[in-house]
Amino acid sequence: RVWMTLPTGKPIVRKNNRGSMLLEVLLTVVILAVGLTAVVQALVSAYRASRTSGRYSQAALALENAVVEKIYQGGIPAGVDEEGRMEKPFDQYRYTLASQPLNFNNVSNDQINDVMVSVAWDEGAKIKTLSLQTFLFNTSAQRSDDSQEF
């Protein structure tokens, strides 16, 4: 069966293509399925990363809130070693607080405290932690010379 002729006069013969359309559709469906699977996996990963990032941001706020609250309550004296649960709205977080006099090159400084605060929370089967180490002036330490000016 001649379907068409070329300008040169050669006939173009149409071949019997039964089933090729079905094969093309199946191949298209497989390619789409692989592509959609990759897109769904990327969306799930982005959601998890966003949720984890949000939890770390909340933990940082909770940590800052705990330190500022302790400072407003009279400071963080040396020798503090406590742990507990945060108050609302951060009640899903646990904290630990430890403070000791600064020890630098085996020389203790009673006026500066080395403070370590950690916040922990459960995320699935894992426990995530965010920690902060800072140095604060010891408000309970007395200066040796009250008339000394800075």
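Residues numbered from 1 in each chain as written. Predicted model: local features only at pLDDT ≥ 70, side-chain atom pairs only at ≥ 80, totals over all residues. Heavy atoms only, no water.

1. Brief notes about the overall build of the protein chain
Counted only if it meets this: A run of H or I in DSSP becomes a helix once it reaches four residues, and a run of E becomes a strand once it reaches two; helices and strands are each numbered from the N terminus. Classification of residues uses two cut-offs on accessible area relative to the type maximum, computed with a 1.4 Å probe and protein chains only: under 20% is buried, over 50% is exposed, and between them is partly exposed. Exposure was quantified through the Shrake-Rupley algorithm and a 1.4 Å probe, taking into account, for residues, occlusion by the shown protein chains and nothing else.
Regarding its fold elements, the protein chain presents one helix and six strands. When the helices and strands of the protein chain are placed in sequence order, the string is β-β-α-β-β-β-β. Looking at the protein chain as a whole, 18% of its 150 residues qualify as buried. Per element, the accessible surface of the protein chain, about 11,800 Å² overall, is 58% carbon and sulfur.

2. Structural notes on unusual backbone geometry
Cis geometry is found at the peptide bond from Lys88 to Pro89, where omega equals 10°. Mapped onto the elements, Pro89 comes out in the loop between strand S3 (81-85) and strand S4 (94-104).

3. Description of the confidence of the model for the protein chain
Put simply, the rule reads: The pLDDT value expresses, per residue, how confident the predictor is, ranging between 0 and 100. Residues count as neighbours in contact if any of their non-hydrogen atoms are within 4.5 Å of one another.
Across the protein chain, the average pLDDT comes to 81, with 81% of residues at 70 or higher. Looking at the elements of the protein chain, mean pLDDT is at its lowest for strand S1 (residues 2-5), recorded as 62, and at its highest for helix H1 (residues 20-72), recorded as 89. Across residues 141-150, where pLDDT falls below 50, the model places six contacts with residues more than four positions away in sequence or in other chains.

4. Remarks on the side chain of Glu123
As a reminder of what qualifies: Charged residues are defined narrowly, with Lys and Arg counted positive, Asp and Glu counted negative, and His plus the chain ends left uncounted. Throughout this description, the term salt bridge denotes a Lys or Arg side-chain nitrogen within 4 Å of a carboxyl oxygen of Asp or Glu. N or O atoms closer than or at 3.5 Å make up a polar contact, with two conditions inside protein: a donor-capable atom paired with an acceptor-capable one, and, for residues adjacent in sequence, both atoms drawn from side chains.
Tracing the backbone shows Glu123 in strand S5 (residues 107-123). Buried and without a salt bridge, Glu123 has Arg55 as its closest oppositely charged side chain, separated by 4.1 Å. Only 3.3 Å separates the side chain of Glu123 from the side chain of Trp121, close enough to count as a polar contact.

5. A short note on the packing of aromatic side chains
The following threshold applies: Pairing of aromatic rings covers Phe, Tyr and the six-membered ring of Trp, with a centre-to-centre limit of 6.5 Å; geometry is then stacked below 30 degrees between planes, edge-to-face above 60, and tilted otherwise.
All chains considered together, the criterion is met by two aromatic pairs. Aromatic pair Tyr56 and Trp121: ring centres 5.0 Å apart, planes at 85°, arrangement edge-to-face. With Tyr56 in helix H1 and Trp121 in strand S5, this residue pair connects regions lying 65 residues apart in the sequence. Taken together, a centroid distance of 5.5 Å and an interplanar angle of 75° make the contact between Tyr93 and Trp121 edge-to-face. Note that Tyr93 is positioned in the loop between S3 and S4 and Trp121 in strand S5, a separation of 28 residues in sequence. Members of the aromatic cluster, joined through ring pairs, are Tyr56, Tyr93 and Trp121.

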